[in-house]
Amino acid sequence: MPLLPDPGSVGRKKASSGTQSLSPAAKRLLRLYHGGSFIFLGLLWLVVGIPSLWALRADIARLLDYFTWTGLRYALFHRPGWPTLGLLLCVSFTMGILIAQSRYELFGLYPVERLMLEQQSRWILSLPVWHPLRRWLVRRLDTQD
């Protein structure tokens, strides 16, 4: 019978791989990356996804009436074009971002990612005072952390 892991060791692993060891600037930069990825995803769906769905509206209406896998395959792959490629792009970016966010929530940051965030936050803080990234990072650090 396999032995179950000690619950305390799992908690320590999660705590060590999370954001507890990050500086406040690196935590803020991580929040910027996460928010930016979802903003990018929303803009991608607005600019590419909605027009792609609109161009496929006749096929989608037919599939809503008589759904078959063959009809779906025909609508997407046997009549390829920009709408199919745009929809594929939007769905693949959505899945990629959701999988990356799930991995982060479940397992935390890799040490390489933690090091990268620390280096980038130090680089941003070394920028001139008038730089927008530095002003944003320092202003948010003063008010939040």
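Scope of this entry: the structure provided in the associated data block. Since the structure is predicted, the reported quantities are computational estimates derived from the model, not experimental observations. (Residues numbered from 1 in each chain as written. Predicted model: local features only at pLDDT ≥ 70, side-chain atom pairs only at ≥ 80, totals over all residues. Heavy atoms only, no water.)

**Quick look at the overall build of the chain**
Going by this rule: Each helix is a run of H or I in the DSSP string that is no shorter than four residues. Each strand is a run of E no shorter than two, and both are numbered from the N terminus. Remark: exposure states derive from per-residue accessible area (1.4 Å probe, protein chains only) relative to the maximum for the residue type, with buried under 20%, exposed over 50%, and partly exposed in between. Only heavy atoms enter the contact rule, under which two residues are in contact if any of them lie within 4.5 Å. Surface accessibility in these figures is a Shrake-Rupley result with a 1.4 Å probe; residues are shielded only by whichever protein chains are displayed.
Along its length, the chain carries seven helices and zero strands. Its helices and strands taken in sequence order, the chain reads α-α-α-α-α-α-α from the N to the C terminus. Burial status across the chain gives 26% buried among its 145 residues. Counting contacts in the chain only where the partners sit at least 6 residues apart, residues at least 24 apart contribute 71% of the total. About 10,500 Å² of surface is accessible on the chain, with carbon and sulfur atoms providing 71% of the total.

**Things to note about the packing of aromatic side chains**
Our working rule: Ring pairs shown here join Phe, Tyr and Trp side chains whose ring centres sit within 6.5 Å, with only the six-membered ring taken for Trp; geometry is labelled stacked below 30 degrees between planes, edge-to-face above 60, and tilted in between.
Tallied over the full model, the rule gives two aromatic pairs. Considering the side-chain rings of F40 and F93, the 5.5 Å spacing of their centres and the 65° angle between planes classify their relative orientation as edge-to-face. Taken as a pair, F40 in helix 2 (residues 24-55) and F93 in helix 5 (residues 82-107) lie far apart in primary sequence, 53 residues in all. Classification of F40 as partly exposed rests on a relative accessible area of 40%. Under the relative-accessibility criterion, F93 is labelled partly exposed at 34%. With a centroid separation of 5.1 Å and an interplanar angle of 75°, the aromatic rings of F67 and W69 are classed as edge-to-face. On the accessibility criterion, F67 (45% relative accessible area) is partly exposed.

**Side note on a nonpolar patch on the surface**
Formally: Patch definition: residues above 30% relative accessible area lacking any salt bridge, with like charges linked at up to 9 Å and the nonpolar side chains Val, Leu, Ile, Met, Phe, Trp and Tyr linked at up to 5 Å. Whenever a carboxyl oxygen of Asp or Glu lies within 4 Å of a side-chain nitrogen of Lys or Arg, that contact is scored as a salt bridge.
On the surface, F38, V91, M95, L98 and I99 cluster together into a nonpolar patch covering about 450 Å² of accessible area. At four residues, the largest contribution of residues to the nonpolar patch is made by helix 5. The topology assignment puts V91 in helix 5. Residue classification places V91 among the partly exposed residues on the basis of a relative accessible area of 39%.

**Some remarks on the nonpolar core**
Put simply, the rule is: In plain words, nonpolar cores are sets of buried Ala, Val, Leu, Ile, Met, Phe, Trp, Tyr and Cys residues tied together by side-chain atoms within 4.5 Å.
Grouped together as the largest cluster of nonpolar side chains are eleven residues: L22, A25, A26, L29, L30, Y104, L109, L117, I124, L127 and L137. Secondary-structure elements contributing two or more residues to this core are helix 2 and helix 6 (111-125). Broken down by element, this core gets its largest block of residues, four residues, from helix 2.

The analysis is restricted to geometry; functional conclusions fall outside its scope.
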